[in-house]
Amino acid sequence: MNKIKDKIKKLMALSESANPHEASSALSKAITLMQKYQLSQTDINQADLVTITQDHYQHNMSGPDGTLIQGIAATHGVFMFKKPANRDTGKKAQVILTGMKGDIESTQYFMEIVTRQINAQVSHWRGLNRASIANGNDYKWGLVTGFVKRFKEEMKVVCAEVGTGMVAVDTRLSEAEQFARASFNLHKGKVSVRTNDHRANGTQDSDKISSARGIHGASSALGLEKF
């Protein structure tokens, strides 16, 4: 059965090909095998779920940085949660990503690109407006909110262009979340963000942030430690 699962995984990977004929054929074969052996996408993916933990410079990750990582991760089928720093023990805050390895690597890659642009844009805006750190943080919330919304829409378009009419239900995020909540005994929480002119300005300027720009001078394209 493991050989069948491996074959289905390879076909599912091919179904994301830029070649419409190849993508359609691979997806059709994968679905046929899943039906023949009565396998769900959960059966295929669950064995490949991994958890990666990395330090973050912020204390509790309750601000826009956490929201940005969470938004990009969810788009790639990765579940993200964070652990606050512990001043008593000196332990740093941590970002914990659960999902398939390739999806986590894609999440980290986009995070490296986008975070640098957002931080640079916030510094530029504060300099132009002689804004305080607090106002800059509100502006950053706007940048993050606007970018994440646009990024999700862009990814939907990409998926639609590759789509063939036989689209398997994408359960990666829900599977990763179930796995993480069971492993770490997590509970759901809420994030509240105040609305003001600075955040509105950030949302308006979010089109200046692009996920298509490459990484320059990064020691690691997959590192979260610089965020």
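Keep in mind the model is a prediction, meaning the values are calculated, not measured. (Residues numbered from 1 in each chain as written. Predicted model: local features only at pLDDT ≥ 70, side-chain atom pairs only at ≥ 80, totals over all residues. Heavy atoms only, no water.)

Engineer: Which residues make up the sheet that holds strand 3 (residues 93-100), and what are the values?
Structural biologist: With antiparallel pairing, the 3 strands of this open sheet are ordered in space as 1-3-2. The two strands at the open ends of the sheet, each matched to only one other strand, are strand 1 (49-56) and strand 2 (79-83). Looking at each pair of strands side by side, their axes are set apart by 20 degrees on average, direction ignored. On the sheet, helix 7 (residues 172-184) packs against strand 1, strand 2 and strand 3 and is oriented at approximately 30 degrees with respect to strand 2. (Pairing = 2+ DSSP bridges. Helix = DSSP H or I, 4+ residues; strand = E, 2+ residues; numbered from the N terminus. Axes fitted to C-alpha atoms, helices over the stretch in contact; angles between N-to-C directions. Contact = heavy atoms within 4.5 Å.)

Engineer: Residues and numbers for helix 4 (residues 64-75), please.
Structural biologist: Across its 12 residues, helix 4 extends 17 Å between first and last C-alpha, which sits within 8% of the 16 Å expected from 1.5 Å per residue. With respect to burial, helix 4 is a largely interior element, 9 of its 12 residues being buried. Turning to helix 4, its buried residues are Pro64, Asp65, Gly66, Leu68, Ile69, Gly71, Ile72, Ala73 and Thr75. (Expected span 1.5 Å × (residues − 1). Buried < 20%, exposed > 50% of the residue type's maximum accessible area, 1.4 Å probe, protein only.)

Engineer: Let's hear about the pattern of salt bridges: which residues, and what values?
Structural biologist: On inspection of all chains with the given rule, the structure shows 4 salt bridges. Asp65 is paired through a salt bridge with Lys140; the nearest N and O atoms lie 2.7 Å apart. Placement of the pair is Asp65 in helix 4 and Lys140 in helix 6 (residues 133-162), with a sequence separation of 75 residues. Taking the shortest distance from any N to any O, the salt bridge between Glu112 and Arg116 comes out at 3.0 Å. Of this pair, Glu112 and Arg116 both sit in helix 5 (residues 101-129), 4 residues apart, roughly one helical turn. Here Arg116 falls in the partly exposed class, since its relative accessible area comes to 34%. (Salt bridge = Lys/Arg side-chain N within 4 Å of Asp/Glu carboxyl O.)

Engineer: Kindly report on the packing of aromatic side chains, identifying the contributing residues and their values.
Structural biologist: For the coordinates displayed, the defined rule picks out 6 aromatic pairs. Each member of the aromatic cluster is reached from another via a ring pair, and the members are Tyr109, Phe110, Phe147 and Phe151. (Phe/Tyr/Trp six-rings, centres within 6.5 Å; stacked < 30°, edge-to-face > 60°.)

Engineer: Residues and numbers for the side chain of Ser211, please.
Structural biologist: Structurally, Ser211 is set in the segment after helix 8 (197-205). On the accessibility criterion, Ser211 (15% relative accessible area) is buried. Filtering out sequence-adjacent residues up to four positions away, Ser211 remains in contact with Phe110, Ile113, Val114, Phe147, Phe151 and Glu154.

Engineer: So, the packing of helix 1 (residues 2-14) against helix 2 (residues 20-36): which residues are in play, and what are the values?
Structural biologist: Two elements in contact, helix 1 and helix 2, have axes separated by 7 Å at closest approach and are oriented at 150 degrees. Of the possible angle classes, the one that applies to helix 1 and helix 2 is roughly antiparallel. When the axes of helix 1 and helix 2 are compared, the crossing they make is left-handed. Mapping the contact onto sequence places Lys7, Ile8, Leu11, Met12 and Leu14 in helix 1 and Glu22, Ala23, Ala26, Leu27, Lys29, Ala30, Leu33 and Met34 in helix 2. Each residue belonging to the contact of helix 1 with helix 2 can be placed in one class, and the counts come to 10 nonpolar, no polar and 3 charged. (Parallel < 35°, antiparallel > 145°, perpendicular 65-115°, else oblique. Left-handed = near helix turned anticlockwise from the far one by under 90°. Nonpolar A, V, L, I, M, F, W, Y, C, P; charged D, E, K, R; others polar.)

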